[in-house]
Amino acid sequence: MSGDTLFSLQTTDVSAKVPVEHLDYDFIETCKDVKYLEKILRILRSGEEGIYPHLIKFCESHLEKLNPKSRALRKENPVATKASFSKDEWNQIVSDLMTWAEGTKETERLLKEGSGFNDLVKGKIPPVRSSSSFVPLSEKSFPKQRTNPSKRILPRDYQEWDKFDVEGECEKIDGNMLKNDPPAILNTGNPNIKREVDASLLSQQEKLLLAKREKDKGNEAFRANDYEEAVAYYTRSLSILATVSAYNNRAQAEIILEHWHNAMRDCQQVLELEPRNKKALLRRATVHNHMGNFQMASEDLRMVLQEEPNNPAAIQLLSKIEKKTSDSLPEQQSKGKKLLIEEVEEDYYKEEQEEQRARPVQPSQPVGGEESSAAPVVRGDMGNAQKKPHSRGDGGPHTESSNSHHGHWRGKGGTSDKYKVPEESKEKVANGSSKRASTASVQGDKSSSSKGTTGGGKAEEAVNLDAPCGALPPRLSRLKNEGNLLFKNGQFADALEKYSQAIQGYTDSGVDSPEDLGVLYSNRAACYLKDGNSQDCIQDCTRALELQPFSLKPLLRRAMAYESLERYKKAYVDYKTVLQIDISVQAAHDSVNRITRLLIEQDGPEWRDNLPDIPLVPLSAQQHRREEPPSQEVLQARAEKATREAERRAEIRFSAWKQEGNEFVKKGQYQEALGKYTECLKLKPKECAIYTNRALCYLKLERFPEAKQDCDTALELEPDNKKAFYRRALANKGLQDYLACSSDLQQVLQLDPNVQEAEVELEEVTVLLRQSLARSPDDKARKIVPITEVDDDEDRTDTPNSERGRASDNISVNLKASNAYEFGQSLNAARCCGNTAACAELLASTEPEMLPKYLSNQLDGNTVSFIMKALDSDLLEKKPNLVYRHLSHLHTADRFSVVLLQLEKDERCIMTQLFEHLSAAESAEFTRDDVENLANKYV
């Protein structure tokens, strides 16, 4: 027996005890099992069988050859001591420790000398969290009690024990204990924590340390879910030293307490200190979401995702906001038309007003601006909602975007987002479009407004920064166009600088155009509002209104700025003025309602007496009173857009139905596939591939004439289509037209000689053709026609009817259908012979949940009427519960509502009679009210 064989017999179980014979040089040298060698090494090291240093070393060297990374070869290093280091290294370690100790002592001494420690010693520091009292360090927690020397108790006579009142003494003891013990103080509310700390005499280091301590107390209170106390400590920390983290933490606590305005202010403070702070943006988006400012919340969340694309909280909140916006979109569309308002030059006012203001805007269509020039700079969202002065959303300087918090802008007879510019259509509106624009700019505007893009507001055409802007000189026009472009890109500070340069240049140039200057002030006010500078925004809006009284956008922006500063009375006046100009501005309606509630809370029922005077708007400035019908160009653009939209939807439905039909063919459900292909041909009657696919379904269903007809139509569209020739050959074969079949197969092979299926079919058809030609005419079966003599016309007409009745009686009906095709065949057979009993049996064997699926492709008025007859006459008395279940599912079938409109009066009477009989039936599964509710879906 060889050594390898012996080793294989010996190493049977690693977990078994190692025999003494294996603790040998020869065995260790021949052993290849690493686990077993590790076990041998552990036994040798333990000394259970003796100490063998050379054998241990030999085993380690052999194990290292097999597995150098074996855990058994690892050796523990002893703990380092002074002897482990050199003298210089040890001296360095000792020196570092002494330096650290001295620094700690010095820091402690400085803190003791500072005012913070003195406040702690003197008891000025607030109490411990969740306690309503504290004990200064200089006092003891328990007062000193006077101890009286005990007197000697005299012995009592045994007769006195009989007179001892035990219960009375117990009550005295209990009463004494209650009187001596101080009453317990229950902390039923938050402690009265002083929120301001005087840190004027502290150094910067002491302020930083003390502010951090106060913030840590707030964090502890936050973790304990005591958010009011957390806000108090965060406020103390901010009074000592304002930090981003303290503002952020206090904002989060305010959000949990639902103090939205306080949380908004804290987020604004953080963004002033650190403009792109992700936490502040995320929390401000949360506040906007709760306040209903969905558009502004989306802008903040998109900025967060730009910095951190995989932020789960931002992604989740953004999806919720988009869902809310999409859910509210159909309702907004159904309420009315969206109108577009644009301020233009006087010379072209009427023409522009006809085209822009009366144009109905879809959700993806651009909406107006207030430019009086034709700068082709792309404009976007100009939404300036309350409490969000410095959001960093995309947008252009001349479009107002009302978010859901402010509501929507109503047109005549409904609502519309008059100033809302969706993301996908930001590129559609050129900034300040006017008839004075250059030809290139006007063409760019027309193409963008007619075609539309869906790139999230990314302009594809080049921006002409030298386009003229009203009466402004070329240099000022370029500055204004550059400002518009920067605003659209979200660079509000740079845009503000451009507008300021344009305003200064306007003053120096001596140009007399108040309208252009008012637009510049209005644009700069929008930049101020975006950057949170509400005060400067109000000043610029006031200047714009002085130049152009009763201008809608400066009024609206100034109202938003007033509201952000909580100057609600002035905001109320501006919003009411906006409604006088255009009563359809839903954002103003919503803001007026909101501010009214706030003013009632502040001033009580007499709040109107404290309001400033609301100016009267002249009729010439009231836009809702001078709406004009759309022009022919606008109507044509609407028609073209509707046509394109219909084509796009038809293409989507076509692709979906074609894919479903292909899936049905793969599953062998040819009847269902047939219906899908038929629907496709209704949308595209000249699609050759659909005809060939439907011909395949007809072949599988052995409906050869219809298959041949589809192949003929496909060959008319594509004369060289191989599939059409081949499938028409199969159809001719099914119709026993072997000559035409052979001709089609030869055509297939002429187009593609490598089609083996055509070769096989051609050989088979050739044989069948020869057999049919070789058959003599005498061999054909002769048809026997019986001739019967009759007396009059009545007998002559009765004979075929009786034959037809006998033929119908011989029709077999499959009462257990397993798919839609079998169910349709059985139902058609029962309906042809008028056999309602067979139909009732078929319905009794069919699950009610499957009935809509079986009827989806062959539902018509006759089928519904026949099913109602069968349920009423043959199934209702036996199984009323089954009839109710069938009726509960039948109305969910596809196209049922359309079929219901096509029913005749007699058929509706049958349906009404069925529900009357069903309501009279007694059942534990349904009541009369259930039947009436179900009948409302049919009758």
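Calculation rules
Residues numbered from 1 in each chain as written. Predicted model: local features only at pLDDT ≥ 70, side-chain atom pairs only at ≥ 80, totals over all residues. Heavy atoms only, no water. Helix = DSSP H or I, 4+ residues; strand = E, 2+ residues; numbered from the N terminus. Contact = heavy atoms within 4.5 Å. Areas by Shrake-Rupley, 256 points an atom, 1.4 Å probe, with all protein chains shown as cover. Patch = residues over 30% accessible without salt bridge, like charges linked within 9 Å, V, L, I, M, F, W, Y side chains within 5 Å. Salt bridge = Lys/Arg side-chain N within 4 Å of Asp/Glu carboxyl O. Core = buried A, V, L, I, M, F, W, Y, C linked by side-chain atoms within 4.5 Å. Buried < 20%, exposed > 50% of the residue type's maximum accessible area, 1.4 Å probe, protein only. Phe/Tyr/Trp six-rings, centres within 6.5 Å; stacked < 30°, edge-to-face > 60°. Lys, Arg positive; Asp, Glu negative; His and termini not counted. Charge placed at Lys NZ, Arg CZ, Asp CG, Glu CD. Expected span 1.5 Å × (residues − 1). pLDDT = per-residue confidence, 0-100. Axes fitted to C-alpha atoms, helices over the stretch in contact; angles between N-to-C directions. Parallel < 35°, antiparallel > 145°, perpendicular 65-115°, else oblique. Left-handed = near helix turned anticlockwise from the far one by under 90°. Nonpolar A, V, L, I, M, F, W, Y, C, P; charged D, E, K, R; others polar. Polar contact = N/O pair within 3.5 Å; in protein donor to acceptor, adjacent residues only side chain to side chain. Disulfide = S-S within 2.5 Å.

Observations concerning the overall build of the chain
Right, on to step 1. Along its length, the chain carries 40 helices and two strands.
Right, on to step 2. In the chain, of all internal contacts separated by at least 6 residues, the share reaching a separation of at least 24 is 65%.
Right, on to step 3. Accessible surface for the chain amounts to roughly 54000 Å². Of this, 50% is attributable to carbon and sulfur atoms.

Observations regarding a nonpolar patch on the surface
Right, on to step 1. A contiguous nonpolar surface patch, about 490 Å² in accessible area, is contributed by Tyr-158, Trp-161, Phe-164 and Val-166.
Right, on to step 2. By secondary structure assignment, the location of Val-166 is in helix α8 (residues 166–180).

Remarks on the nonpolar core
Right, on to step 1. By size, the foremost hydrophobic cluster in this structure holds 50 residues, and its most contacted members are Phe-487, Cys-537, Tyr-572, Tyr-575, Val-578, Ile-595 and Leu-599.
Right, on to step 2. Elements supplying a minimum of two residues to this core: α18 (474–488), α19 (492–509), α20 (514–530), α21 (534–547), α22 (552–564), α23 (568–581) and α24 (586–603).
Right, on to step 3. Not counting residues within four places of it along the chain, the set of residues in contact with Tyr-572 comprises Val-592, Ile-595, Thr-596, Leu-599, Trp-607, Arg-608, Leu-611 and Ile-614.
Right, on to step 4. Phe-823, Leu-843, Tyr-884 and Ala-935 belong to the second-largest nonpolar core, a separate cluster that totals 42 residues.

What about the pattern of salt bridges?
Right, on to step 1. Enumeration according to the criterion identifies 33 salt bridges in this entry.
Right, on to step 2. Between Arg-109 and Glu-106 there is a salt bridge, and its shortest N-O distance comes to 2.2 Å. In this pair, Arg-109 and Glu-106 are both assigned in helix α5 (residues 87–113), three residues apart and thus about one turn of the helix distant.
Right, on to step 3. Judged by its relative accessible area of 36%, Arg-109 is partly exposed.
Right, on to step 4. Exposure remark for Glu-106: the relative accessible area of 35% places this residue in the partly exposed category.
Right, on to step 5. Across the salt bridge formed by Glu-482 and Arg-478, the nearest N and O atoms sit 3.1 Å from each other. Note that Glu-482 and Arg-478 are positioned in helix α18 at a spacing of four residues, about one turn of the helix.
Right, on to step 6. Connected via shared salt-bridge partners are Glu-214, Lys-217 and Arg-236.

Points about the packing of aromatic side chains
Right, on to step 1. The final tally for this structure, using the stated rule, is ten aromatic pairs.
Right, on to step 2. With 5.3 Å between their ring centres and 75 degrees between their planes, Phe-896 and Tyr-938 make a pair best called edge-to-face. In this pair, Phe-896 is assigned in helix α38 (residues 896–901) and Tyr-938 in the segment after α40 (928–935), connecting sequence segments 42 residues apart. Here the two residues Phe-896 and Tyr-938 agree in accessibility, since each one is buried.
Right, on to step 3. Each member of the aromatic cluster is reached from another via a ring pair, and the members are Phe-896, Phe-915 and Tyr-938.

Quick word on a negative patch on the surface
Right, on to step 1. Taken together, the side chains of Asp-165, Glu-167, Glu-171 and Asp-174 define an acidic patch exposed on the protein surface.
Right, on to step 2. Mapped onto the fold, Asp-165 is located in the loop between α7 (158–162) and α8.

Some details on helix α39 (residues 905–920)
Residues spaced three or four apart along an α-helix point in a common direction, a consequence of the helix completing one turn every 3.6 residues.
Right, on to step 1. Between the first and last C-alpha of α39 there are 23 Å, a value that for 16 residues agrees with the 22 Å anticipated at 1.5 Å per step.
Right, on to step 2. Along α39, the residues classified as buried are Glu-907, Ile-910, Met-911, Leu-914, Phe-915, Leu-918 and Ser-919.
Right, on to step 3. The secondary structure elements touched by the buried residues of α39 are α36 (861–875), α37 (880–890), α38 and α40.

Examining the environment of Tyr-528
Right, on to step 1. If you trace the backbone, Tyr-528 turns up in helix α20.
Right, on to step 2. For Tyr-528, a relative accessible area of 13% translates into the label buried.

What to know about helix α27 (residues 688–700)
Right, on to step 1. An ideal rise of 1.5 Å per residue puts 18 Å on 13 residues; α27 measures up with 19 Å between its terminal C-alpha atoms.
Right, on to step 2. Among the 13 residues that make up α27, ten are buried, leaving the element largely enclosed by the rest of the structure.
Right, on to step 3. Turning to α27, its buried residues number three or more, namely Cys-688, Ile-690, Tyr-691, Thr-692, Asn-693, Arg-694, Ala-695, Cys-697, Tyr-698 and Leu-699.
Right, on to step 4. Elements that come into contact with the buried residues of α27 comprise α25 (632–667), α26 (670–683), α28 (704–717) and α29 (722–734).
Right, on to step 5. Looking one or two places after α27, you find Glu-702, whose phi comes out positive at around 60 degrees.

A word on the confidence of the model for the chain
Right, on to step 1. Of the residues in the chain, 72% reach a pLDDT of 70 or more, and the chain-wide mean stands at 75.
Right, on to step 2. Taking the mean pLDDT of every element in the chain, the minimum, 34, falls on strand β1 (residues 410–411) and the maximum, 93, on α27.
Right, on to step 3. Between residues 1–12, whose pLDDT stays under 50, and residues either more than four places distant or in other chains, the model counts twelve contacts.
Right, on to step 4. Taken as a whole, residues 398–461 scores under 50 in pLDDT and shows 241 contacts with residues more than four places along the chain or in a different chain.

Some remarks on the packing of α29 against helix α30 (residues 738–751)
Right, on to step 1. At a minimum axis distance of 8 Å, the contact between α29 and α30 shows a crossing angle of 160 degrees. Taken together, the axes of α29 and α30 lie roughly antiparallel to each other. When the axes of α29 and α30 are compared, the crossing they make is left-handed. Contact with α29, carried on its side by Lys-722, Phe-725, Tyr-726, Arg-728, Ala-729, Asn-732 and Lys-733, involves Tyr-738, Ala-740, Cys-741, Asp-744, Leu-745, Gln-747, Val-748 and Leu-751 of α30 and no other residues of that element.
Right, on to step 2. Among the residues making up the contact of α29 with α30, the classes are represented as nine nonpolar, two polar and four charged.

Here's the deal with the packing of α39 against α40
Right, on to step 1. As a packed pair, α39 and α40 sit with axes 9 Å apart at the nearest point and diverge in direction by 165 degrees. Taken as axis vectors, α39 and α40 run roughly antiparallel relative to one another. As α39 runs across α40, the sense of the crossing is right-handed. Along the contact surface, α39 presents Phe-915, Leu-918 and Ser-919, while α40 presents Arg-928, Val-931, Leu-934 and Ala-935.
Right, on to step 2. Considered class by class, the residues forming the contact of α39 with α40 number five nonpolar, one polar and one charged.

Structural notes on unusual backbone geometry
Right, on to step 1. Here Asn-225, not a glycine, exhibits a phi torsion of approximately 65 degrees, which is positive.
Right, on to step 2. By the secondary structure assignment, Asn-225 is in the loop between α9 (204–223) and α10 (227–240).
Right, on to step 3. Notably, Glu-702 is not glycine yet its phi reads approximately 60 degrees, a positive angle.
Right, on to step 4. Inspection of the secondary structure assignment puts Glu-702 in the loop between α27 and α28.
Right, on to step 5. The exposure class of Glu-702 is exposed, given its relative accessible area of 61%.

Notes on the side chain of Ser-919
Right, on to step 1. Mapping Ser-919 onto the fold places it in helix α39.
Right, on to step 2. A distance of 2.8 Å separates the side chain of Ser-919 from the backbone oxygen of Glu-916, its partner in a polar contact.

Topic: the state of the cysteines
Right, on to step 1. The final tally for this structure, using the stated rule, is zero disulfides.
Right, on to step 2. Free of any disulfide, Cys-833 has its nearest cysteine sulfur in Cys-832, 7.3 Å distant.
Right, on to step 3. Look at Cys-833 and you get partly exposed, because its relative accessible area is 24%.

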